[in-house]
Amino acid sequence: MGLSGTSMASPMLAGIALLIKFALKAVRRGVLYLKENMPLAIKAVVMRTADDMQVPVWFQGAGFANAWAAVELITLDAGTSLRARLASSKPGSSAPGPE
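The structure displayed is predicted, hence computed values, not measured ones. (Residues numbered from 1 in each chain as written. Predicted model: local features only at pLDDT ≥ 70, side-chain atom pairs only at ≥ 80, totals over all residues. Heavy atoms only, no water.)

Caption draft 1: Just the overall build of the protein chain, in detail. Looking only at helices and strands, the protein chain features five helices and zero strands. Seen in sequence order, the protein chain has helices and strands lined up from the N terminus as α-α-α-α-α. A separation of at least 24 residues holds for 41% of the contacts in the protein chain among residues at least 6 apart in sequence. Just so you have it, the protein chain exposes about 7,300 Å², and 64% of that area is on carbon and sulfur atoms. (Helix = DSSP H or I, 4+ residues; strand = E, 2+ residues; numbered from the N terminus. Contact = heavy atoms within 4.5 Å. Areas by Shrake-Rupley, 256 points an atom, 1.4 Å probe, with all protein chains shown as cover.)

What follows is the structure, given as structure tokens:
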């Protein structure tokens, strides 16, 4: 029995959605969205950053969800890179952390 299909996709996308929500809060972009619009914003980020699977759209939908690209899109929009934020948040780092 393989681990595939919606039984695996749903929890994975829920995790990716949570990462996106945390990223929006970390860069203080979450305040730009009303609570009721947050799910639509998260969906738009997931769909925008999905990787094309090189199959028909009716088969793949938006594509393969890419969590790194989704969070990177949010942090780049805020004017910083995800790698810089992660490096600055490590204990003992001399770089200033996120505000």
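Text resumes after the structure shown.
Caption draft 2: Looking closely at the packing of helix α1 (residues 6-26) against helix α2 (residues 38-49). Relative orientation of the contacting elements α1 and α2 amounts to 110 degrees, with a least axis distance of 10 Å. Overall, the two elements α1 and α2 adopt an arrangement that is roughly perpendicular. Every residue of α2 that contacts α1 at Leu-13, Ile-16, Ala-17, Ile-20, Lys-21 and Leu-24 is listed here: Met-38, Ile-42, Val-45 and Val-46. (Axes fitted to C-alpha atoms, helices over the stretch in contact; angles between N-to-C directions. Parallel < 35°, antiparallel > 145°, perpendicular 65-115°, else oblique.)

Caption draft 3: Here's a closer look at the nonpolar core. If you look at the biggest cluster of nonpolar residues, it comprises twelve residues: Ile-16, Ile-20, Ala-23, Leu-24, Val-27, Met-38, Ile-42, Val-45, Val-46, Ala-70, Val-71 and Ile-74. Those elements that place two or more of their residues in this core are α1, α2 and α4 (67-77). Each residue touching Ala-23, except ones within four places of it in the same chain, is listed here: Val-71 and Ile-74. (Core = buried A, V, L, I, M, F, W, Y, C linked by side-chain atoms within 4.5 Å. Buried < 20%, exposed > 50% of the residue type's maximum accessible area, 1.4 Å probe, protein only.)

Caption draft 4: Region of interest: the packing of α1 against α4. Viewed as axis vectors pointing N to C, α1 and α4 meet at an angle of 15 degrees, and their least axial separation amounts to 9 Å. Viewed along their axes, α1 and α4 adopt a mutual orientation that is roughly parallel. For the element pair α1 and α4, the recorded crossing hand is right-handed. Across the interface between the two elements, Ile-16, Leu-19, Ile-20, Ala-23 and Leu-24 from α1 touch Ala-67, Ala-70, Val-71 and Ile-74 from α4. Across the contact of α1 with α4, the residue classes tally to nine nonpolar, no polar and no charged. (Left-handed = near helix turned anticlockwise from the far one by under 90°. Nonpolar A, V, L, I, M, F, W, Y, C, P; charged D, E, K, R; others polar.)

Caption draft 5: Here's a closer look at the side chain of Thr-75. In this fold, Thr-75 is placed in helix α4. Under the relative-accessibility criterion, Thr-75 is labelled buried at 3%. A distance of 3.1 Å separates a polar side-chain atom of Thr-75 from the backbone oxygen of Glu-72. (Polar contact = N/O pair within 3.5 Å; in protein donor to acceptor, adjacent residues only side chain to side chain.)

Caption draft 6: Looking closely at the packing of aromatic side chains. Applying the stated criterion across every chain, the model contains one aromatic pair. Aromatic side chains Trp-58 and Phe-59 sit 6.1 Å apart centroid to centroid with 85 degrees between the ring planes, which places their arrangement in the edge-to-face category. The burial state of Trp-58 is the same as that of Phe-59; both residues are exposed. (Phe/Tyr/Trp six-rings, centres within 6.5 Å; stacked < 30°, edge-to-face > 60°.)

Shape descriptors only; they carry no functional weight alone.
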